[in-house]
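Residue-level structural notes
One-letter residues, chain by chain:
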Amino acid sequence: MKRNVSRLVLPHEKATALMQSVVVTDVEKVVMPLSMHSGKNAIPVVSVGDHVYVGQLIAKEDGDVSSPVHASVSGTVTAIEPVKTMGKTVDAIVIASDGKNEKDPSIKAPVVNNVDEFLQAVRDSGLVGLGGAAFPTWSKLAAVKKAKINTFLINGAECEPYLTSDTRTMMEDGKYIEMGIEYLRKYTGAEKYVIGIEKNKPEAIALLRERFAKDDSVVVEELDSYYPQGAKQVLLYNVTGKVQKPGTRLADLGVLIINVTSLAKLAKYMEDGMPLIDRCVTVDGSAVNKPGNFVVPIGTPISKLFELAGGLTEDVERVIIGGPMMGHAVEDLDEPVVKATGGVLAFNKKQAKLFEPSACIHCGRCVENCPLSLNPTEFARAMTLDNEEEKLALLKKEQVTLCMQCGCCSYVCPAHRPLVQTNVAAISFVKKHRTAR
């Protein structure tokens, strides 16, 4: 395996990178899904008719891989009902805003004196990975109790086209990134911190290098602008030269990765006790009139974001939450912003045109461009098998569960085959069999 294992060059489309983020608080209602994270859904602790305040706990975490949900506006709970979000249907708490944005009077900075209290504070904050995976941050950091962590990789790659919300964090919240590193240093004992940023963000690189110029433990590393540079396996290899083997954890290598915005949010919570209630979202695409970055309450309908961005053009064809490579298309503009929503994109008919798939020509481009050298054509062949045991055996042999669903295979396929969608179906098939057994 060679260094810079990912070599797929995509159009950057970072037109909003230098646009100051706009803070928005006047929303009429928010929809707070009980699943905005990896793991089990949160459990409601409020009822219809209850009055809630900004930052108030409205759903508690359920188990070791779960995350609490907090009200992002003050107002009245009007419903607890199913909504569609992130490609699935889950229950959500609907809050009608009273327009006052009154803070929960019980909110205060957490008292932290040791690693256990630090982990509990991170747990109470509702923080999850804000780079896309949305894994509960406290659960990830808990690895410091079992393994010696020497290095933190702070992920500022933001390799998806269009998205610039992490860029704005690096340019606007540098002091919180610095404070976040100090909290990690104090309570995890890690000695080295590497902030990985793609070289297409020179302004962010310059600002952070200036901030950490006198701190030898912090390195701001300029990464080549290849996709998916921000994927954990790719970032790990390109920065450290290490490889995470199947069945192992990053912590086994003495390394943990945290998204740069997650780190800044962690520091803010430690300072004032306000949990994760808002999100900077990039609004862009060929069908958006005035692209920009907007900090909005979590649960804000994406229709509000397009309103803030001057509306959509008449030839809008497709709307995506997330980036164009790993995001998902939406049917309803009332779908809410969730914790991991870094962008909302809208494209016109010309850019959103779908090609008809044709027969595989066995060119090998999908394998060549897969960051992990997986074989999507074998996954697709397995999914055509009628015998489920044979199908399962082939998918396991080809290690389909390692697929990160980055979309590189679909992007380079000259036959326009829906490879990543097939990969997702294959992973689901394996996981269902694993659960059943």
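As shown above, the structure is provided for reference.
Attention now goes to the overall build of the chain. Looking only at helices and strands, one finds 13 helices and 17 strands in the chain. Scaling as 2.2 N^0.38, a compact globule of 437 residues should have a C-alpha radius of gyration of about 22 Å, and the chain matches this with 21 Å. Relative to its full complement of 437 residues, the chain shows a buried share of 54%. Carbon and sulfur atoms make up 50% of the accessible area of the chain, which totals about 19700 Å². Here the chain contributes 51 positively and 52 negatively charged side chains, and the mean placements of these two sets differ by 6 Å.

The space that makes up the second largest pocket amounts to roughly 620 Å³. Around the second largest pocket, the lining comprises 31 residues; the ones closest to its centre are Lys265, Lys268, Ile277, Asp278 and Val295. Of all the secondary structure elements, the ones that give two or more residues to the lining of the second largest pocket are helix H3 (165–172), helix H7 (260–272), strand E13 (278–284) and strand E14 (292–297). Per-element tally for the lining of the second largest pocket: the top contributor is H7, with seven residues. Of the residues assigned to the lining of the second largest pocket, the class counts are 15 nonpolar, seven polar and nine charged.

All told, the structure shown has three aromatic pairs when counted by the stated rule. Between Phe152 and Tyr193 the ring centres are 5.9 Å apart and the planes differ by 5°, which places this aromatic pair in the stacked class. With Phe152 in strand E9 (residues 151–155) and Tyr193 in strand E10 (residues 192–198), this residue pair connects regions lying 41 residues apart in the sequence. Just as Phe152 is buried, Tyr193 falls in that class too. Taking 5.4 Å as the distance between ring centres and 75° as the angle between the ring planes, the aromatic pair formed by Tyr162 and Phe347 counts as edge-to-face. With a gap of 185 residues between them, Tyr162 in the loop between E9 and H3 and Phe347 in strand E17 (residues 343–348) connect regions that are remote in the sequence. The pair formed by Tyr162 and Phe347 is uniform in burial state, with each residue classed as buried.

Membership of the largest hydrophobic core comes to 64 residues, with the highest contact counts inside it found for Ile95, Phe118, Ile177 and Ile195. No other element matches H7, which puts seven residues into this core. Not counting residues up to four positions away in its chain, the partners in contact with Ile177 are Thr169, Met170, Ile195, Leu208, Phe212, Val260, Leu263 and Ala264. If you look at the next biggest cluster of nonpolar residues, it comprises 17 residues, including Val24, Val288, Phe294 and Ala309.

Moving on, we come to the packing of H3 against H7. Their axes nearest at 9 Å, the elements H3 and H7 cross at an angle of 50°. Compared by their axis directions, H3 and H7 come out oblique. Considering how the two elements wind past one another, H3 and H7 form a crossing that is left-handed. Residues Ser165, Asp166, Thr169 and Met170 of H3 lie in contact with H7, whose contacting residues are Val260, Thr261 and Ala264. Among the residues forming the contact of H3 with H7, the class breakdown is three nonpolar, three polar and one charged.

Where burial is concerned, most of strand E12 (residues 255–259) is hidden: five out of the five residues are buried. Side chains of E12 alternate between two faces, with Val255, Ile257 and Asn259 and Leu256 and Ile258 buried alike. One ladder, built from five bridges, connects E9 with E12; its direction is parallel. Bridge pairing in E12 links Leu153 to Ile257.

Side chains carrying opposite charge are able to pair once their charged atoms draw close together. This model, assessed by the stated rule, comprises 15 salt bridges. Its salt-bridge partner being Lys268, residue Asp173 comes within 3.3 Å of it at the nearest N-O pair. On the criterion of sequence distance, the pair formed by Asp173 in the loop between H3 and helix H4 (174–188) and Lys268 in helix H7 is long-range, its members being 95 residues apart. Asp173 gets classed as buried once you look at its relative accessible area, which sits at 17%.

Definitions and cut-offs
Residues numbered from 1 in each chain as written. Predicted model: local features only at pLDDT ≥ 70, side-chain atom pairs only at ≥ 80, totals over all residues. Heavy atoms only, no water. Helix = DSSP H or I, 4+ residues; strand = E, 2+ residues; numbered from the N terminus. Rg over C-alpha atoms; globule rule 2.2 N^0.38 Å. Buried < 20%, exposed > 50% of the residue type's maximum accessible area, 1.4 Å probe, protein only. Areas by Shrake-Rupley, 256 points an atom, 1.4 Å probe, with all protein chains shown as cover. Lys, Arg positive; Asp, Glu negative; His and termini not counted. Charge placed at Lys NZ, Arg CZ, Asp CG, Glu CD. 1 Å grid on protein atoms, 1.4 Å probe; cavity = no way out; pocket = protein on both sides within 12 Å on 5 of 7 lines; lining within 4 Å. Points joined across faces, edges and corners; volume = space filled by probe spheres on them. Nonpolar A, V, L, I, M, F, W, Y, C, P; charged D, E, K, R; others polar. Phe/Tyr/Trp six-rings, centres within 6.5 Å; stacked < 30°, edge-to-face > 60°. Core = buried A, V, L, I, M, F, W, Y, C linked by side-chain atoms within 4.5 Å. Contact = heavy atoms within 4.5 Å. Axes fitted to C-alpha atoms, helices over the stretch in contact; angles between N-to-C directions. Parallel < 35°, antiparallel > 145°, perpendicular 65-115°, else oblique. Left-handed = near helix turned anticlockwise from the far one by under 90°. Pairing = 2+ DSSP bridges. Salt bridge = Lys/Arg side-chain N within 4 Å of Asp/Glu carboxyl O.

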